[in-house]
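Letter by letter, the chains look like this.
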Protein chains: 2
Amino acid sequence: MFTTLGSLQTPCLVVDKIAFLHNLSRMEKHLDAFNVALRPHLKTVKSIAAASYILADKQAGCTVSTLKEAETFAAEGYTNITYAVGITEDKLQRVLALINQGVNLTILLDSMEQAMLVSQFCSENECTIPCLIEIDCDGHRAGLSPKNKEIVTIATILESSGLYRGLLTHAGGSYACSTAEQLIQFAEKERSAVVAAASMLEEAGITTTVLSIGSTPTALSTQNLDGITEVRAGVYTFFDLVMAGIGICDIEDIALSVLTRVTGIKRSENKLFIDAGWMALSRDRGTASQAFDCGYGLVCDQAGNLLPGLKVTSANQEHGVIECEPGFTLPDVKHGDLLRILPNHACATAAQHSGYHVLSYDDIEFWPRFGGW
Amino acid sequence: MFTTLGSLQTPCLVVDKIAFLHNLSRMEKHLDAFNVALRPHLKTVKSIAAASYILADKQAGCTVSTLKEAETFAAEGYTNITYAVGITEDKLQRVLALINQGVNLTILLDSMEQAMLVSQFCSENECTIPCLIEIDCDGHRAGLSPKNKEIVTIATILESSGLYRGLLTHAGGSYACSTAEQLIQFAEKERSAVVAAASMLEEAGITTTVLSIGSTPTALSTQNLDGITEVRAGVYTFFDLVMAGIGICDIEDIALSVLTRVTGIKRSENKLFIDAGWMALSRDRGTASQAFDCGYGLVCDQAGNLLPGLKVTSANQEHGVIECEPGFTLPDVKHGDLLRILPNHACATAAQHSGYHVLSYDDIEFWPRFGGW
């Protein structure tokens, strides 16, 4: 039976399938030119149905941010998974269970303490857990600086137990870029960081098999992937206003939006109220530090066309407030009319919902998503 | 079997049951002095198990922010529910289904357009949906100003179909208060707004049965509830750093925290990394506009004792970064050690999780929670 937007309970997530598929194709084509594998980060979609489009081959590599993701995708037949968040000892039993199921699950660490814990665990449990060492390419988060000699010590500990596989970095700092030139420089910073660390290890007699880099802005900007074996990215699948603000996509490329209805109209105050508050939009204010602050999101009509001069300026739990900028007027809407809100950060907005209503030419599918750890 | 904190998968929510019960008792005692009913807002807990402590009597009134909450609590036997978000026409079928189940479900509106839609719906479906008119007491959100004559028009439309019950307001602006005196003034603003609107209606020959006000800060500050029939509040059950910043609770009263483990240590940079990022903590930065900005949360040891000078200064999806203020030093922790993060906003943080691990003297219970619309 044909489903219409008007039959959906609001607020809910809507995906423009054509834009989504276009985004996937753009990344694949970009990386094909370098002959480097894409290892998509599934933390953005957290959906079996969405993943089937992102990774047609279940033996191909993917990236996850939680063991729940690893377990869920493994249960669906994905066998090559990198868990790209620093490991702690308590999580090793779940890692082992996946490895015992035949999953090639690779974990991440950045200290001797972790390396020794994992080595000891593998020795006690007579197992092999492949490990990557996290490199900090931009002072953004975890990881070791590329020239830090501790990398050699950690790799040596891991290598002695047959656990060392390679190096991983993520240029989270690229989210602060605003020009194509900066993005190209950041992409090179990511590449050169792991290549330099791998060279240092090579001099110490340790071979690095995996050189993994990636963030959506750098992955789409890179002009050189020499020495790199794989690129990770996640938010390119949907894109969002933060990515548009960085300049790595256009507003029209944003495949994800929150469908909402008008619940109140205060024309004298230039305000519309909608049934999408922060529970539906998330509290993410990622565009606040960009040149154009989109508030809690920009506003489209139900067909997905941007309504100029409007944004969600504030959000309570189940109320959003739309205001218009000087020089613009509120659209001529009635109570109950449908609007669509473009998200600041697709990962955060999607996480507030249990699934996606996916619009293609002739129907609306539902793709469930999962959360938790 | 005895569960320990160390056996829990992190990140996860932890509730201090003693603090939670103390918070419930504090609100009940405060309102008992005025002999006015409390209609707790269940949007904070969204949990059947938690609600059983908040509302022992299932015939007593409660408040919800979504129809999913109304349906879930109705299925559990709660029969007196106010859905306190402006109604839209598409939601009336679900409202009707609940009323047909015997639930006394009251809805909210603030326009003639909505009043006519609801009246027409009730006429067509031969049903009675009790309605409250939303009053705007502080220019914070939706609702009509107390002296707006449209209130009389709306009440008249509703009254002619037997649907009018009363008036509701919420002093969301009280969240910007920082002194006891301001809070007392805001509480009086809430009270006088609905009392004034009810007087205007009385003069027009319309009797108001329900005069509903409330927010946690005003409910706990009020010194006069003359004319008021019920008080609504939700976050008082857990409290949070925003409430502590307003001065309506102490840090020790905060019953909710996120249990997390140390995933990385960069002592030279004064940074700890934890496995609670914004997915576990939420993106809520409600303390950013207060005198003391708590970042993404303050830090306690696993027993719940505040560690002075520390806060979560940044958050990625599954990484939190703890830094310490000048004059303080990082605690002597190891990889995998447990910490607890106090939330800025309990409603937002709780919404990121599927349940609460509830600590009492001798064991840990699990209270599931639900989400969605």
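Residues numbered from 1 in each chain as written. Chains lettered and ligands numbered in written order. Predicted model: local features only at pLDDT ≥ 70, side-chain atom pairs only at ≥ 80, totals over all residues. Heavy atoms only, no water.

Looking at the relation of the copies chain A and chain B
Item 1. The transformation that overlays chain A on chain B combines an axial shift of 0.0 Å with a rotation of 180°, and the residual RMSD is 0.0 Å. The superposition of one copy onto the other is thereby described by a two-fold rotation axis. Relative to the rotation axis, the C-alpha of Arg283 of chain A is the closest in chain A, positioned 2.5 Å from it.
Item 2. Same-surface contact between copies: 100% of interface residues of chain A are shared with the interface of chain B. (Least-squares fit on C-alpha atoms with pLDDT ≥ 70 in both. Contact = heavy atoms within 4.5 Å.)

Structural notes on the UniProt feature "domain: D-serine dehydratase-like" (unreviewed entry) in chain A
Item 1. UniProt feature "domain: D-serine dehydratase-like" (unreviewed entry): in the numbering of this structure it lies at residues 255-360 of chain A.
Item 2. Summarising residues 255-360 of chain A: 8% helix, 42% strand, and an end-to-end C-alpha distance of 11 Å. (UniProt positions renumbered as here; feature names shortened; annotations may be inferred. Helix = DSSP H or I, 4+ residues; strand = E, 2+ residues; numbered from the N terminus.)

Brief notes about the environment of Val95 of chain A
Residues and elements named next belong to chain A.
Item 1. Position of Val95 among the secondary structure elements: in helix 4 (residues 92-100).
Item 2. Taking the relative accessible area as the measure of exposure, Val95 reaches 0% and is therefore buried.
Item 3. If we ignore the near neighbours within four places in the chain, the residues touching Val95 are Leu67, Ile87, Leu105, Ile107 and Ile129. (Buried < 20%, exposed > 50% of the residue type's maximum accessible area, 1.4 Å probe, protein only.)

Looking at unusual backbone geometry
Item 1. In this structure, Pro11 of chain A follows Thr10 of chain A across a cis peptide bond, with omega equal to 0°.
Item 2. Phi angles above zero are rare outside glycine, and Phe239 of chain A is one such case at about 60°.

Brief notes about helix 1 (residues 17-32) of chain B
Spacing of three or four residues puts side chains on the same side of an α-helix, whose turn is 3.6 residues.
Item 1. Between its terminal C-alpha atoms helix 1 of chain B stretches 22 Å, which fits the 22 Å expected from 16 residues at 1.5 Å a residue.
Item 2. By the burial criterion, the buried members of helix 1 of chain B are Lys17, Ala19, Phe20, Asn23, Leu24, Met27 and Leu31 of chain B. (Expected span 1.5 Å × (residues − 1).)

A short note on the sheet that holds strand 2 (residues 37-40) of chain A
Residue and element names in this part refer to chain A.
Item 1. Spatial ordering of the open sheet is given by 2-9-8-7-6-5-4-3, a layout of eight strands whose pairing is parallel. Two strands bound the open sheet, and with one partner strand each, they are strand 2 and strand 3 (62-64). With strand direction ignored, the average angle separating the axes of adjacent strands in the sheet is 30°.
Item 2. Across three bridges, the pairing between strand 7 (residues 164-169) and strand 8 (residues 210-213) is parallel. Each residue of the ladder has a partner; that of Gly166, found in strand 8, is Val210.
Item 3. Docked against the sheet, helix 6 (residues 150-160) engages strand 5 (104-109), strand 6 (131-135) and strand 7, running at close to 175° with respect to strand 6. (Pairing = 2+ DSSP bridges. Axes fitted to C-alpha atoms, helices over the stretch in contact; angles between N-to-C directions.)

A short note on the environment of Arg261 of chain B
Item 1. Residue placement: Arg261 of chain B occurs in strand 10 (residues 256-266).
Item 2. Distance from Arg261 of chain B to Ser52 of chain B, taken between C-alpha atoms, is 31 Å for residues 209 residues apart in sequence.
Item 3. Within the structure, Arg261 of chain B has its side chain in polar contact with the side chain of Asp90 of chain A (distance 3.1 Å).
Item 4. In this structure the side chain of Arg261 of chain B is engaged in a polar contact, spanning 2.8 Å, whose partner is the backbone oxygen of Gly6 of chain B. (Polar contact = N/O pair within 3.5 Å; in protein donor to acceptor, adjacent residues only side chain to side chain.)

A word on the interface of chain A and chain B
Item 1. Opposite the 51 residues of chain A that make contact, chain B presents 51 residues.
Item 2. Of the roughly 4,300 Å² buried where chain A meets chain B, counting both sides, 53% is carbon and sulfur surface.
Item 3. The three residues of chain A that bury the most area against chain B are Arg141, His335 and Trp373 of chain A, which together make up 17% of that side's buried surface.
Item 4. Viewed at the interface, chain B and chain A are joined by eight salt bridges.
Item 5. Lys91 of chain B is the partner of Asp275 of chain A in a salt bridge, and the nearest nitrogen-oxygen pair spans 2.6 Å.
Item 6. At the junction of chain A with chain B, the criterion picks out 29 residue pairs in polar contact (both at pLDDT 80 or more).
Item 7. Of all the elements in the fold, those that place two or more residues in the side of chain A that touches chain B are strand 4 (80-86), helix 5 (112-125), strand 10 (256-266), strand 11 (271-274), helix 10 (278-281) and helix 11 (346-350) of chain A.
Item 8. The dominant element in the side of chain A that touches chain B, judged by the number of residues it contributes, is strand 10 of chain A, at five residues.
Item 9. Taken together, the residues of the side of chain A that touches chain B sort by class into 14 nonpolar, 20 polar and 17 charged. (Buried area = accessible area lost by both parts, 1.4 Å probe. Salt bridge = Lys/Arg side-chain N within 4 Å of Asp/Glu carboxyl O. Nonpolar A, V, L, I, M, F, W, Y, C, P; charged D, E, K, R; others polar.)

Observations concerning the layout of surface pockets
Any empty space left between atoms is shown by rolling a water-sized probe over those atoms.
Item 1. Its boundaries defined by the atoms lining it, the second largest pocket holds a volume of some 980 Å³.
Item 2. Forming the boundary of the second largest pocket are 41 residues, of which Ala351 of chain A together with Ala351, Gln352, His353 and Ser354 of chain B lie nearest the centre.
Item 3. Within the residue set of the lining of the second largest pocket, elements represented by two or more residues are strand 1 (12-16) and strand 16 (355-359) of chain A together with strand 1 (12-16) and strand 16 (355-359) of chain B.
Item 4. Considering only residue class, the lining of the second largest pocket consists of 17 nonpolar, 16 polar and eight charged. (1 Å grid on protein atoms, 1.4 Å probe; cavity = no way out; pocket = protein on both sides within 12 Å on 5 of 7 lines; lining within 4 Å. Points joined across faces, edges and corners; volume = space filled by probe spheres on them.)

Some thoughts on the pattern of salt bridges
Item 1. For the coordinates displayed, the defined rule picks out 30 salt bridges over all chains.
Item 2. The residue Lys46 of chain A makes a salt bridge to Glu69 of chain A at a minimum N-O spacing of 3.3 Å. With Lys46 of chain A in the loop between strand 2 and helix 2 (48-54) and Glu69 of chain A in helix 3 (residues 67-75), the pair connects residues that are 23 residues apart, well separated along the chain.
Item 3. Its relative accessible area of 0% is what places Glu69 of chain A among the buried residues.
Item 4. Linked through salt bridges whose partners overlap, the residues forming this network are Asp90 and Lys91 of chain A together with Arg261 and Asp275 of chain B.

Examining the state of the cysteines
All names here are of chain A.
Item 1. Per the counting criterion, the structure on display carries zero disulfides over all chains.
Item 2. Free of any disulfide, Cys62 has its nearest neighbouring cysteine sulfur in Cys347, separated by 15 Å.
Item 3. With no disulfide partner, Cys300 has as its closest neighbouring cysteine sulfur the one in Cys294, 11 Å distant. (Disulfide = S-S within 2.5 Å.)

Comments concerning the sheet that holds strand 8 (residues 210-213) of chain B
Residues and elements named next belong to chain B.
Item 1. What the eight strands build is an open sheet, ordered 2-9-8-7-6-5-4-3; its pairing is parallel. Both edges of this open sheet fall to strand 2 (37-40) and strand 3 (62-64), since each of them pairs with a single strand only. Sheet twist, expressed as the mean angle between neighbouring strand axes with direction ignored, is 30°.
Item 2. Where strand 3 meets strand 4 (residues 80-86), three bridges bridge the pair, whose relative direction is parallel. Paired with Thr63 across the two strands is Thr82, which belongs to strand 4.
Item 3. Packed on one face of the sheet, helix 5 (residues 112-125) meets strand 4, strand 5 (104-109) and strand 6 (131-135) and runs near 150° to strand 5.
Item 4. Across the sheet, helix 7 (residues 180-203) touches strand 6, strand 7 (164-169) and strand 8, and the angle it forms with strand 7 is around 150°.

Remarks on helix 7 of chain B
Residue and element names in this part refer to chain B.
Item 1. Between its first and last C-alpha, helix 7 extends 35 Å over 24 residues, near the 34 Å set by a 1.5 Å rise per residue.
Item 2. All of the buried residues in helix 7 are Leu183, Phe186, Ala187, Glu190, Arg191, Ala193, Val194, Ala197, Ala198, Met200 and Leu201.
Item 3. Looking at the buried positions of helix 7, the neighbouring elements they touch are strand 6, helix 6 (150-160), strand 7, strand 8, helix 8 (216-219) and helix 9 (241-246).
Item 4. In the stretch just after helix 7, Gly205 is the one whose phi turns positive, near 85°.

Things to note about the domain arrangement of chain A
All names here are of chain A.
Item 1. Once the domains are mapped, chain A shows domain 1 (5-10 + 255-368) and domain 2 (34-238).
Item 2. Centre-to-centre, using C-alpha coordinates, domain 1 lies 34 Å away from domain 2.
Item 3. Taken together, the 10 residues of domain 1 in the interface contact 13 residues of domain 2.
Item 4. Of the roughly 860 Å² buried between domain 1 and domain 2 on both sides combined, carbon and sulfur atoms contribute 66%.
Item 5. Three residues, Cys347, Tyr356 and Trp367, lead the burial of domain 1 against domain 2; their summed loss comes to 54% of the area buried on that side.
Item 6. Inspection of the domain 1/domain 2 interface yields zero salt bridges.
Item 7. Between the two partners, domain 1 and domain 2, sit three residue pairs in polar contact (both at pLDDT 80 or more).
Item 8. Mapped by element, the contributors of at least two residues to the side of domain 1 that touches domain 2 are helix 11 and strand 17 (364-368).
Item 9. Across the side of domain 1 that touches domain 2, the residue classes break down as eight nonpolar, one polar and one charged. (Domains from an automatic or database assignment.)

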